[in-house]
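# Analysis of the macromolecular model
These are the residues of each chain, in order.
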Amino acid sequence: MKHPYTLLMVVLASLLAPSAMAQIVEKGWDEKINEVVQPATDLVSTIVFFPVQLGDSAATNMPLVIIFLLFSALFFTIYFKFINIRAFKTSIATVSGKYSDPNNPGEVSHFQALTSALSGTVGLGNIAGVAIAISLGGPGATFWMILAGLLGMSSKFVECTLGVKYRDIDKDGVVYGGPMYYLTKGLQERGAGKLGKVLAVFFAIMCIGGSFGGGNMFQANQAAQQFISMVGTSSSSAGTYFGIALALVVALVIIGGIKRIGAVTEKIVPFMCGIYVLAAIVVMVVNASSLPATFGMIFTEAFNPVAVAGGLVGVLVQGFRRAAFSNEAGVGSAAIAHSAVKTDYPASEGMVALLEPFIDTVVICTMTAMVVIVTGDYQTDGVMSGVKMTSDSFATVIPWFPYILTVAVILFAFSTMISWSYYGLQAWLFLFGRTKFNSMLYRVLFCLFVVVGSAASLGAVTDFSDAMIFAMAVPNLIGLFFLLPVVKAEVTRYMAFIQKGEWRSYTTPKK
């Protein structure tokens, strides 16, 4: 599907305003880049995150898009009769390769597809965002965060099943998939072809913006800030130099496509998640005497909050917001990575994908919440000191953990960037055509935005990042509701395949 390159200008104009460039002279490169980015991001975030006030204070404001995501997740959970719980055992067996045929069409294994998608969601939101949510909503926000994570498993299941169902595979075995394809082909089948094309184009544009923003600039920004803080430099161009170095490393991986991305993420993701969870367990073991009280606060303050702005609604809002921002269930991004899996059964990858919010939110985010609650740091630190709060909480037991956290932040950022580069590339090729030139042009632009993100201020980067990513949810969720019958049919087909034991003739591939 090809569109004029003027569409490219629409995406980039929101970031690089020529009038702003003319006004910035005699400043460090970091300041120059920030002044270019800030004005447009303010406008985008205001539109996307239109607030709905659910209570009497600002703490109860919930963006309309988050309400849409949560309602959809709840609906999908009921529609598929709590498949997020029923299919958990089948999901584990599927991701282990038990039901896999290594000769099936696709580019990566179930495990590699899962880690590629996880690397796009497990990141700084799990470290800093959770701490901020607890400081605003109190321990009770953890309960609602976990609940939203469990519901999000159903959204991931639906979108990733469709990602495989409607993917394209070219003559060389290269896979092209994601919401762009199931919105066009799927809605065409349902008699809404024109709507599907409009939704697909809108999704693709937002996905490209999201890949440059939340999947790139925000990650590079936080990695740069953590690194600069650790080395203690005061250079006004330090972020730019760090960004250049990081961009070169990212380029080495993304040039190899999803196969190389999968090969890297299947090693990085388990390692960084394992180290983080292990450190959290150590903190909790040392503070074992406080664990009963911690669990008590999580459950009691979820329904009866103490001294928290916004009361019950405020606690609920903070927990739901954090889960939605962390696992991106319903946004559609993960369906792009999962569509590259080797399988003949779309629902098999839906089963694998539902593990993603469980790992990201129910496990990783809960670990962060437990650490900041059990150490009591959420009561003493400033509201917006997310990374510092988490770092200080770990340091109460592991004094040298801030150094490990710096490495973790950079690894989290790096893995997120390489996955989002693939998401953005797929959307880019959908809009402009699958040519080598278009592919290389996107990769070059992506690496340039690594430098932009490292240099820009956090506020400008965060606003743009969140807005573009969550704008993707609107066309994606509309499409999911249209295609639920298709998903139900695929679930029935996959479960019949398992029950008949047809998979026993396969040679189980190694992860």
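Up top is the structure.
Below, the structure is looked at part by part.

The rules behind the values
Note that residues are indexed from 1 along each chain, following the sequence as it is written. Where local features are concerned, this predicted model is filtered to residues with pLDDT of at least 70; where side-chain atom pairs are given and counted, the filter is 80 or more; whole-chain, interface and lining totals use all residues. The side-chain figures draw on all heavy atoms in the structure; neither hydrogens nor water molecules are used. Put simply, DSSP marks the helices as runs of H or I at least four residues long and the strands as runs of E at least two long, and each gets a number from the N terminus on. Throughout this description, buried means an accessible area under 20% of the type-specific maximum (1.4 Å probe, protein chains only), exposed means over 50%, and partly exposed covers the range between. Contacts are assigned to residue pairs that have any heavy atoms within 4.5 Å of one another. Each accessible area value is a Shrake-Rupley result obtained with a 1.4 Å probe; residue values ignore everything except the protein chains displayed when judging cover. In this analysis, a patch consists of residues with relative accessible area above 30% that form no salt bridge, clustered at 9 Å for like charges and at 5 Å for the nonpolar side chains Val, Leu, Ile, Met, Phe, Trp and Tyr. Salt bridge, as used here: a side-chain nitrogen of Lys or Arg that lies within 4 Å of a carboxyl oxygen of Asp or Glu. Only Phe, Tyr and Trp rings are paired, with Trp represented by its six-membered ring, and only when their centres lie within 6.5 Å; those with planes under 30 degrees apart are stacked, over 60 edge-to-face, the remainder tilted. Only lysine NZ and arginine CZ atoms are considered, and such an atom sits over a ring when it is within 6 Å of the ring centre and within 35 degrees of the ring normal. A helix is expected to span 1.5 Å for every residue after the first. Among buried residues, the Ala, Val, Leu, Ile, Met, Phe, Trp, Tyr and Cys ones that are joined through side-chain atoms within 4.5 Å form a nonpolar core. For helices, the fitted line uses only the C-alpha atoms of the stretch in contact; every axis is such a line through C-alpha atoms, and the angle between N-to-C directions lies from 0 to 180 degrees. Orientation is classified from the angle alone, with under 35 degrees giving roughly parallel, over 145 giving roughly antiparallel, 65 to 115 giving roughly perpendicular, and any other angle giving oblique. Note: crossing handedness is left-handed where the near helix turns anticlockwise from the far helix by less than a right angle, and right-handed where it turns clockwise. Note on residue categories: nonpolar means Ala, Val, Leu, Ile, Met, Phe, Trp, Tyr, Cys or Pro, charged means Asp, Glu, Lys or Arg, and polar means any other residue, Gly included.

Let us now look at the overall build of the protein. Tallying secondary structure elements over the protein gives 24 helices and 4 strands in all. Counting all 511 residues of the protein, 62% fall into the buried class. A separation of at least 24 residues holds for 83% of the contacts in the protein among residues at least 6 apart in sequence. Carbon and sulfur atoms form 67% of the exposed surface of the protein, whose accessible area is close to 19500 Å².

Once that is clear, we can look at a nonpolar patch on the surface. Together, F271, I275, W400, Y403 and I404 make up a nonpolar patch on the protein surface, roughly 550 Å² of accessible area in all. Elements represented by at least two residues in the nonpolar patch include exactly α13 (257-286) and α20 (401-432). By secondary structure assignment, the location of I275 is in helix α13. You can call I275 partly exposed: its relative accessible area is 36%.

A few words now on helix α10 (residues 179-189). Most of α10 sits out of view: 8 of its 11 residues are buried. Positioned one or two residues after α10, G191 has a phi angle of 80°, which is positive.

Inspection of the secondary structure puts S72 in helix α4 (residues 64-79). The exposure class assigned to S72 is buried, which follows from its relative accessible area of 0%. In this structure S72 touches S155, L477 and F481, once residues within four positions along its chain are discounted.

Turning our attention to the packing of aromatic side chains. Per the counting criterion, the structure on display carries 24 aromatic pairs. Consider the rings of Y79 and F80, whose centres lie 4.9 Å apart with planes at 75°: the pair is edge-to-face. Relative to F449, the ring of F212 lies with its centre 4.4 Å away and its plane at 20°, an arrangement referred to as stacked. Placement of F212 in helix α11 (residues 193-231) and of F449 in helix α21 (residues 436-455) is noted, with a sequence separation of 237 residues between them. Cluster of aromatic residues (ring-pair linked, three or more members): F71, F75, F76, Y79, F80, F157 and F481. We note R434 situated over the ring of Y176; from NZ or CZ to the ring centre the distance is 4.0 Å. We note K488 situated over the ring of Y79; from NZ or CZ to the ring centre the distance is 4.2 Å.

To continue, consider helix α14 (residues 291-303). For α14, with 13 residues, the first-to-last C-alpha span of 19 Å sits near the 18 Å given by 1.5 Å per residue. Regarding α14, the residues found buried are L291, T294, I298, E301 and A302.

Attention now moves to the nonpolar core. Here is a general trend for soluble globular proteins: nonpolar side chains tend to be buried in one another's company. Counting 156 residues, the largest nonpolar core has I66, F157, V158, L162 and F470 as its most contacted members. No other element matches the 19 residues that α20 contributes to this core. In contact with F157, not counting residues within four places along its chain, are F80, I83, A347, G350, M351, L354, V487 and V491.

Counted according to the given criterion, the structure contains 5 salt bridges. With a closest N to O distance of 2.8 Å, E356 and K156 form a salt bridge. Within this pair, whereas E356 is found in helix α18 (residues 355-374), its partner K156 is found in helix α9 (residues 141-165), the two being separated by 200 residues in sequence. Residues E356 and K156 agree in their burial class; the two are buried. A salt bridge links D168 to R434, with the shortest nitrogen-to-oxygen separation between them at 2.9 Å. Of the two residues, D168 sits in strand β3 (residues 168-169) while R434 sits in the loop between α20 and α21, which places them 266 residues apart along the sequence. Using a relative accessible area of 23% as the deciding quantity, one classes D168 as partly exposed.

The backbone of K81 shows a phi angle near 55°, a positive value even though the residue is not glycine. For K81, the position within the fold is in the loop between α4 and α5 (83-86). For K81, a relative accessible area of 61% corresponds to the exposed category.

This part covers the environment of P270. Note on placement: P270 falls in helix α13. Residue P270 is classed as partly exposed on the basis of its relative accessible area, which comes to 38%. Apart from residues no more than four positions distant in its own chain, P270 is found in contact with F111, T115 and T265.

Further remarks concern the packing of helix α7 (residues 110-121) against helix α17 (residues 346-353). Their axes nearest at 10 Å, the elements α7 and α17 cross at an angle of 50°. One element, α7, and the other, α17, form an angle in the oblique class. Crossing geometry of α7 relative to α17 is assigned as right-handed. Along its contact with α7, which presents H110, A113 and L114, the element α17 presents S348, E349 and V352. Along the lines of polarity and charge, the residues of the contact of α7 with α17 split into 3 nonpolar, 2 polar and 1 charged.

A few words now on the packing of α4 against helix α24 (residues 484-500). The N-to-C vectors of α4 and α24 enclose an angle of 40°; their axes lie 12 Å apart at closest approach. Considering the angle they form, α4 stands oblique to α24. Seen from above, α4 lies across α24 with right-handed handedness. For the pair formed by α4 and α24, the contact residues are F75, F76 and Y79 on the first element and L484, P485 and K488 on the second. Across the contact of α4 with α24, the residue classes break down as 5 nonpolar, no polar and 1 charged.

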